[in-house]
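# Summary of structural features
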Amino acid sequence: MDRWTSQLAPQLRALVELAAHDGHMTQAALALDIPQSSMSRRIHALQEALGVPLLIHDGRTVRLTPEAHRLAARAREPLAELDHTLAELTGDADPEHGTVRFGFPLTMGSGHIPDLLAAFRYRHSGIRVLLKQAHGTELGAQLLSGHLDLAVVIPAPERLHHNVIGTQHIHIALPADHRLAGAAQLRLDELSGETFIANPPSYNLRQLTEKWCREAGYIPNIAIEVTEFSTIRELISRGLGIALLPHDDRTPPGIREIPLAGGGYHRSIALAWGTATRAAPTRCLNDFLLQHFSPAAVNSVVARDA
């Protein structure tokens, strides 16, 4: 088996990069800093050596076969760990230089996260941070695929390495003139028959809304689906429904947030990564965020997360 690794390591690296760029040969070649012709030769050499079809040509478009995707997925992490180990052994793992691909939820574009990134950039000017915003499911998928190095994810992902950095409490958001708006707390069974506004079904909080309501004895009447929490709050303030939302100290006028009676209405907040071994710049950003994510800051910022 040694002959495979000794002969095919560059070709496997090319395949992993091609898969990461959805079959775009030019982009994969740029990422490896090699000519496109060399990239193409490596892929075809791997295909010939294995005797397995790896590419599907559709006009000018190149797609990877299922076998190619499987091989790339299995090779990605071992190759990354080997790169990191060799860098550490040879002294190339400089924590003050490099690139970190960092993800965070769409609704965390203002406040504490940008402040922390600015502070990190000021202290570690040699590290380039590439930012990606998406909802939690997509962030987790991009960590697993290797498109992201580090991300804040809610809830804590079971399939990924992570550190839990806080807890997000879920309240019921009502119009300020709602018949129950004066309550100190509410049970979910008191909301049976109400019109709910919620995220699409792929969102974790939508799934929790349906689960918790079923446990309370009813199926919620979800009449409106919205991706952004800020839009959900706008609709609530106009009397179009109610919603289960993360607590936000900066709730806009026209809305009342009320705690839910009983325990368990919360989600964990995690700092997650996809590979067992992380590059030195990624560890540097990870440690910085862990150091500066105080519980108070976490609860105030992630209250608007999707």
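Residues numbered from 1 in each chain as written. Predicted model: local features only at pLDDT ≥ 70, side-chain atom pairs only at ≥ 80, totals over all residues. Heavy atoms only, no water.

This is how it is decided: UniProt positions are given in the numbering used here, feature names are shortened, and annotations may be inferred rather than shown by experiment.
Taking an unreviewed UniProt entry as the reference, the protein is identified by name as HTH-type transcriptional regulator GltC belonging to Mycobacteroides franklinii. What the UniProt record of the protein gives under Sequence similarities (unreviewed entry) is the line "Belongs to the LysR transcriptional regulatory family."

## Quick notes on the side chain of arginine 267
To keep it simple, the criterion reads: Segments assigned H or I by DSSP are reported as helices when at least four residues long, segments assigned E as strands when at least two residues long, and all are numbered from the N terminus. The buried label goes to any residue with under 20% of its type's maximum accessible area, the exposed label to any with over 50%, and the partly exposed label to all in between, with areas taken from a 1.4 Å probe on protein chains only. Pairs of N or O atoms are called polar contacts if they sit within 3.5 Å, as long as, within protein, a hydrogen donor faces a hydrogen acceptor (for residues adjacent in sequence, only side-chain-to-side-chain pairs).
When you line up the elements, arginine 267 lands in strand β11 (residues 266–273). Classification of arginine 267 as buried rests on a relative accessible area of 2%. One polar contact links arginine 267 to asparagine 204, side chain to side chain, over a distance of 3.1 Å.

## Some points on the packing of aromatic side chains
Quick reminder of the rule: Working definition: a ring pair exists when centres of Phe, Tyr or Trp rings (six-membered ring for Trp) sit within 6.5 Å. Plane angles under 30 degrees give stacked, over 60 give edge-to-face, the rest tilted.
Per the stated rule, a full pass over the model turns up 3 aromatic pairs. Look at phenylalanine 102 and phenylalanine 104: their rings are 5.9 Å apart centre to centre, the planes differ by 25°, and that puts the pair in the stacked class. The interplanar angle of 90° and the centroid separation of 5.0 Å between the aromatic rings of tryptophan 212 and tyrosine 265 together place this pair among those described as edge-to-face. In this pair, tryptophan 212 sits in helix α7 (residues 204–215) while tyrosine 265 sits in the loop between β10 (255–259) and β11, placing the two residues 53 residues apart along the sequence. No difference in accessibility class separates tryptophan 212 from tyrosine 265, as the two residues are buried.

## Focus: helix α3 (residues 36–50)
Definition in use: Helix span is expected to be 1.5 Å times the residue number reduced by one. Directions from the helix axis toward the C-beta atoms define the arc.
With 15 residues, α3 should cover 21 Å at 1.5 Å per step; its first-to-last C-alpha distance of 21 Å lies within 8% of that length. Within α3, the full set of buried residues consists of Ser38, Met39, Ile43 and Leu46. The buried residues of α3 occupy an angular sector of 135° when the element is viewed end-on, so they sit on one face. Exposed and facing more than 90 degrees away from the buried side of α3 are Arg41 and Glu48. Just downstream of α3, glycine 51 is the residue with a positive phi angle, here 70°.

## A short note on the nonpolar core
The line we're drawing: The term nonpolar core refers to a set of buried residues drawn from Ala, Val, Leu, Ile, Met, Phe, Trp, Tyr and Cys, joined through side-chain atoms within 4.5 Å. Should any heavy atoms of two residues lie within 4.5 Å, those residues are considered in contact.
Ile172, Leu188, Leu191, Ile232 and Ile236 are the most contacted members of the largest nonpolar core, which totals 30 residues. Elements supplying a minimum of two residues to this core: β6 (161–175), β7 (195–198), α7, α8 (229–237), β9 (243–246) and β10. When sequence neighbours within four positions are dropped, the list of residues in contact with isoleucine 232 reads Ile197, Ala198, Asn199, Val226, Ala243 and Leu245.

## With respect to unusual backbone geometry
Proline 155 follows isoleucine 154 through a cis peptide bond whose omega is -5°. Along the polypeptide, proline 155 turns up in the loop between β5 (150–153) and β6. Of note, aspartate 33 is a non-glycine position whose phi angle comes to about 60°, a positive value. By the element assignment, aspartate 33 lies in the loop between α2 (25–32) and α3.

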